Amino acid sequence: MVSPAKKRKLNSDASQKSAPPRGLEYFFAKQRQNGTSSDSESTSREDGSAQPGSQEQPLTDEELARRLQAEWDAEVRAVSGQNTPNPALGSTDSGSEQLAPTPQLSQPRSPLPAIHTGKPKNTLSLSSAGATEDQLSASIPLDESPLTFNPATYVARLQESWTVDGGRATYALLTRCFVLVNGTKSRIKIVDTLVNCIRVLIEGDSASLLPAVWLATNAISPPYISMELGIGGSAISKALKQACGLDNRALKAIYDKLGDPGDVAFEAKKKQSFTLRKPKPLTIDGVFQSLVKIAKAQGQGSGDVKQRIVDKLLQDARGGEETRYIVRTLCQHLRIGAVKTTMLIALARAFLLAKPPGADFATRDAQELAKLKKEELAEIWAGAEQAVKASFARHPDYNDLIPALLENGISEDLHVRCGLTLHIPLMPMLGAITRDLFEMLCKMQGSEFACEYKYDGQRAQIHCDAEGKISIFSRHLELMTDKYPDLVSLIPKIRGEGVQTFIMEGEAVAVDRATGELRNFQTLTNRARKDVAIGSITIDVCLFAFDLMYLNGESLLDQPFRRRRELLRTRFVEIPHHFTWVKTLDATSQDQESILAFFNAATDSKCEGIMVKLLDNPATETQPNNAPEPPSDPQPTPLKPPPEKRTRRKPLLATYTPDKRLESWLKVKKDYAATSDTLDLIPIAAWHGQGRKARWWSPILLAVRDDETGCLEAVCKCMSGFTDAFYKANKEVYAEGGTNAHVRKPGFVEYAGPAPDVWFEPREVWEVAFADVTLSPTYTAAIGLVSEERGLSLRFPRFLRRREDKGVEEASTRGFLAGLWRKQEERVDVGKEVAGVEQEEDMEA
Ligand code: AMP
């Protein structure tokens, strides 16, 4: 069987072969054939070499491209005094250039020394659009090992070719990076490619690093600053039709064939035979600024402004690949797998190796690093990565991180400049999932821990400064102060004496104000999201506080949970049914009965289960995983932990570790089915229903996510747990012929089973319960993680609910699925082991 990774590689190879790169001369050769050229100056051949008899040395494509670019730039400079182009993208100025009614062809361009004709600005040039890919950028081996790749080899030549906007790095370089990253499943290669691209930018045009990082991470601002592009698919289609000279039917035909808008754009650009305007290479910064302008365009006429910017981007994109990634960026779905963690790792490594001209921080010599042992090198990388990740987890904004790195590299300064800051949300600490109380007790054995109700509401991170300004952030770091004016008005009342500044975390839960009874999560989702007026609130909430990360100018992150909780409980004032602390029970693994009772009480009160948190840091550096603390009750109970296994591992700390899912926080959810685990899956395709369900989609194909590549791997068909109302609504969302339903399998989906009737646009996450995880001959999810030949699937999957709080990028990963399978297998083993011990005990008795 061909592995999915191989399949993708084959596909991409095939697509490359079907589109042989055409030199610039391709077009001019065509011009000559068509008799449009009357000029004998045009002496170059398709391969860029001089014609027989010419005195010129043969030119490479790259040299030719550079020369032509230099000519065009000279023209622009020559006329800029008469008609200064409007730097705002999509200006009418550029529009007139493209759309003059009677195009007049420019003189054919010659590889001979530039003959500047001094044409007026609005004279049109004709050039082969598909052929103008930047050959220099496209030839840089960015995927080489950073220990052998030397940016200095390329920087000077690149800088020479960066002739636009005062020498800004071209988008072609970033496109090269995206193409390489997209072409591999290897995480090492992805990181290496990013590292090298970042190094080239640091050394060649450091001002383009920040926009490059935003573009590569598919964002233009941190999550708490709302910047929506607000453009629909139709704006992109319109621009593509115009830029590539296609009509509706031609574009639709490509769309039906390919599905992914970026791939459609790639094909459309290939079909474009010529363009009636001079290409002005896109720069990284130019593309980023265009996106910012799109996001900022508001009010009347903003649609036209946005459209003009999109038009201009697509006209200026050189070649199919630039077009593909511009369109993916505009759709906010880059699919290059350069997710946050990969980017932070790449930044850390790049700044170990490179610094901008003039900077005086220390870097490491790549050749010296190459001589180190594997473990030594890993340690050096890890140190830098840890510093960058920790800083970003406390202060997740590239606008602050990148300037700090460019100035001082990886240094102490990072934690000062990019540390915990009021009104900038830190990334939340997360809890590791456990299958049941039994597993939790095994993990926590030997420690004191707090069991807390796991409320089913919305996580709220509340910042309050000395002036009383309040910001409330969601779990995904979005600003939601406007959504909770009632919580804002509460803060002055709960601030105890002496509390000036703080960052606190809690769960906002819908409640019955009179009785304090909890309401379910669904009730909370009925609350308006934006600009809520306090008088209009119909869904009351109570904040159940569970952590305190900052108090009166001091970070508490390094304090153990017991201390943080004490401050939370003593420095703030409870207001029943409005603000209180989470219900809690302090315990050890011997308190099995009270823990079970507490767990049942939690689930009876509409809570999802319990959170279990380590209270103290360990006294010693290393300790056994399961400290010798035999259960006092000699009778086996259903919760009894298995026999101890003495294993050495890093001791767990009770500190607040932003952005980490550690076992110092465990979540135990109530049993949904045969297993308490659930998966958050993405619906990706479906079949027409049978019988009663004939009008709806059923079954529905669900997928996990590959967090390295962004691909989606089908894991099971689901046809249980849906109501008829749900089916009906679902059919409307994924209506045939609509924008969310496609006829072709998107390239980013891995699925080898019988073809579904429709492919869904991935846009939501569903929580799914199941009996167990099974090895599957059909499904390829997590293939290579537990078996080389088989993927994983689910037995008896059952839809539970739509995860409104989760985006597609937060769906369960293939790694998580594989982890569940391993845990299931371990549990079978542990079960046998416990049964064995119990038998022995019984026999002794
Ligand atoms: P999950 O969404 O399943 O990963 O569970 C973690 C979420 O549970 C957190 O993000 C909080 O929103 C929520 N939660 C509810 N109660 C607590 C609690 N006592 N401690 C921590 N998180 C809680």
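Residues numbered from 1 in each chain as written. Predicted model: local features only at pLDDT ≥ 70, side-chain atom pairs only at ≥ 80, totals over all residues. Heavy atoms only, no water.

Identification of the protein as DNA ligase from Trichocladium antarcticum is taken from an unreviewed UniProt entry. In its Sequence similarities (unreviewed entry) section, the UniProt record describing the protein reads: "Belongs to the ATP-dependent DNA ligase family." Taken directly from UniProt, the Catalytic activity (unreviewed entry) text for the protein runs: "ATP + (deoxyribonucleotide)n-3'-hydroxyl + 5'-phospho-(deoxyribonucleotide)m = (deoxyribonucleotide)n+m + AMP + diphosphate." (UniProt positions renumbered as here; feature names shortened; annotations may be inferred.)

*Asks:* Can you walk me through the overall build of the protein in this structure?
*Replies:* When its secondary structure is counted, the protein shows 27 helices and 23 strands. Burial statistics for the protein: of 845 residues in total, 53% are counted as buried. Intrachain contacts of the protein at a sequence separation of at least 6 include 75% that bridge at least 24 residues. Split by element, the accessible area of the protein, about 37100 Å² in all, is 51% carbon and sulfur. (Helix = DSSP H or I, 4+ residues; strand = E, 2+ residues; numbered from the N terminus. Buried < 20%, exposed > 50% of the residue type's maximum accessible area, 1.4 Å probe, protein only. Contact = heavy atoms within 4.5 Å. Areas by Shrake-Rupley, 256 points an atom, 1.4 Å probe, with all protein chains shown as cover.)

*Asks:* Honestly, the sheet that holds strand β13 (residues 661-669) in this entry has me stumped. Any pointers?
*Replies:* Two modes of strand pairing occur in sheets, parallel and antiparallel, and in both the strands are linked by backbone hydrogen bonds. Spatial ordering of the open sheet is given by β1-β13-β10-β2-β9, a layout of 5 strands whose pairing is mixed. Edge positions in the open sheet fall to β1 (430-434) and β9 (584-587), since each of these has one partner strand only. Ignoring strand direction, the axes of neighbouring strands in this sheet form an average angle of 35°. Relative to β9, strand β2 (residues 449-454) is paired through 4 bridges, and the arrangement is antiparallel. By the bridge assignment, E452 is partnered in β9 with T584. Contacting β2, β9 and β10 (609-614), helix α24 (residues 561-571) crosses the sheet at an angle of about 150° to β9. The sheet strands contacting helix α25 (residues 592-604) are β2, β9, β10 and β13, and the helix crosses β2 at an angle near 20°. (Pairing = 2+ DSSP bridges. Axes fitted to C-alpha atoms, helices over the stretch in contact; angles between N-to-C directions.)

*Asks:* Please clarify how the side chain of Q461 should be interpreted in this entry.
*Replies:* Residue position: Q461 is located in strand β3 (residues 458-464). Reaching out from Q461, the side chain makes a polar contact with the backbone oxygen of L426 at a distance of 2.8 Å. For Q461, the residues in contact, after removing those within four places along its chain, are P425, L426, S471, I472, F473, I503, M504, E505 and M549. (Polar contact = N/O pair within 3.5 Å; in protein donor to acceptor, adjacent residues only side chain to side chain.)

*Asks:* Is there a simple way to explain the packing of aromatic side chains in this structure?
*Replies:* Geometrically, a pair of aromatic rings is defined through the distance of the ring centres and the angle of the planes. Inspection of every chain in the model, using the stated rule, returns 25 aromatic pairs. With centroids separated by 6.0 Å and ring planes inclined at 85°, the aromatic side chains of Y656 and W665 adopt a geometry described as edge-to-face. When sorted by exposure, Y656 lands in the same class as W665, which is buried. Between F722 and W766, the ring centres sit 5.5 Å apart and the planes meet at 65°, which makes this aromatic pair edge-to-face. In this pair, F722 is assigned in the loop between β16 (712-718) and α26 (724-733) and W766 in strand β20 (residues 766-769), connecting sequence segments 44 residues apart. What makes F722 buried here is its relative accessible area of 12%. Residue classification places W766 among the buried residues on the basis of a relative accessible area of 0%. Following the ring pairs from residue to residue traces out a cluster consisting of W696, F722, F726, Y727, W766 and F799. (Phe/Tyr/Trp six-rings, centres within 6.5 Å; stacked < 30°, edge-to-face > 60°.)

*Asks:* Just checking my understanding: could you explain the site of the ligand for this structure?
*Replies:* Around the ligand, a shell composed of 15 residues is seen, among which E452, R475, E507, K613 and K667 lie nearest. In this structure, an oxygen atom belonging to the ligand sits 2.9 Å away from a side-chain N or O atom of K454. Y455 places a polar main-chain atom, nitrogen or oxygen, 3.1 Å from a nitrogen atom of the ligand. When the ligand is considered free in solution it has 490 Å² of accessible area, and contact with the protein chains removes 95% of it. Looking at the shell around the ligand, the elements with two or more residues in it are β2, β10 and β13. (Near = heavy atom within 4 Å.)

*Asks:* Just checking my understanding: could you explain a positive patch on the surface for this structure?
*Replies:* A cluster of like positive charges, contributed by R187, K389, K650 and K660, occupies part of the molecular surface. Note on R187: relative accessible area 33%, which makes it partly exposed. (Patch = residues over 30% accessible without salt bridge, like charges linked within 9 Å, V, L, I, M, F, W, Y side chains within 5 Å. Salt bridge = Lys/Arg side-chain N within 4 Å of Asp/Glu carboxyl O. Lys, Arg positive; Asp, Glu negative; His and termini not counted. Charge placed at Lys NZ, Arg CZ, Asp CG, Glu CD.)

*Asks:* Hey, could you run me through unusual backbone geometry in this one?
*Replies:* What you tend to see is this: most non-glycine residues have negative phi, and most peptide bonds are trans. Cis geometry is found at the peptide bond from S698 to P699, where omega equals 0°. Looking at the element boundaries, P699 is found in strand β15 (residues 697-705). A positive phi is found at D531, a non-glycine position, where the angle reads about 45°. Take D531: it is sitting in the loop between α23 (521-525) and β6 (541-551).

*Asks:* Please clarify how the packing of helix α9 (residues 209-216) against helix α19 (residues 398-408) should be interpreted in this entry.
*Replies:* A packed helix pair is summarised by two numbers, namely the angle formed by the two axes and the spacing between the axes. Packing of α9 against α19 leaves a shortest axis separation of 10 Å and a crossing angle of 140°. Taken together, the axes of α9 and α19 lie oblique to each other. The interaxial crossing formed by α9 with α19 has right-handed handedness. Facing L209, L210, V213 and W214 of α9, the residues of α19 in contact are Y398, N399, I402 and L406. (Parallel < 35°, antiparallel > 145°, perpendicular 65-115°, else oblique. Left-handed = near helix turned anticlockwise from the far one by under 90°.)

*Asks:* I keep staring at the environment of H578 and nothing clicks. Help me out?
*Replies:* Tracing the chain through its elements places H578 in the loop between α24 and β8 (579-581). On the accessibility criterion, H578 (27% relative accessible area) is partly exposed. Spatially, the C-alpha atom of H578 lies 6.1 Å from that of L543, the residues being 35 residues apart in sequence. When residues no more than four places from it in sequence are discounted, the contact partners of H578 are L490, R513, V541, C542 and L543.

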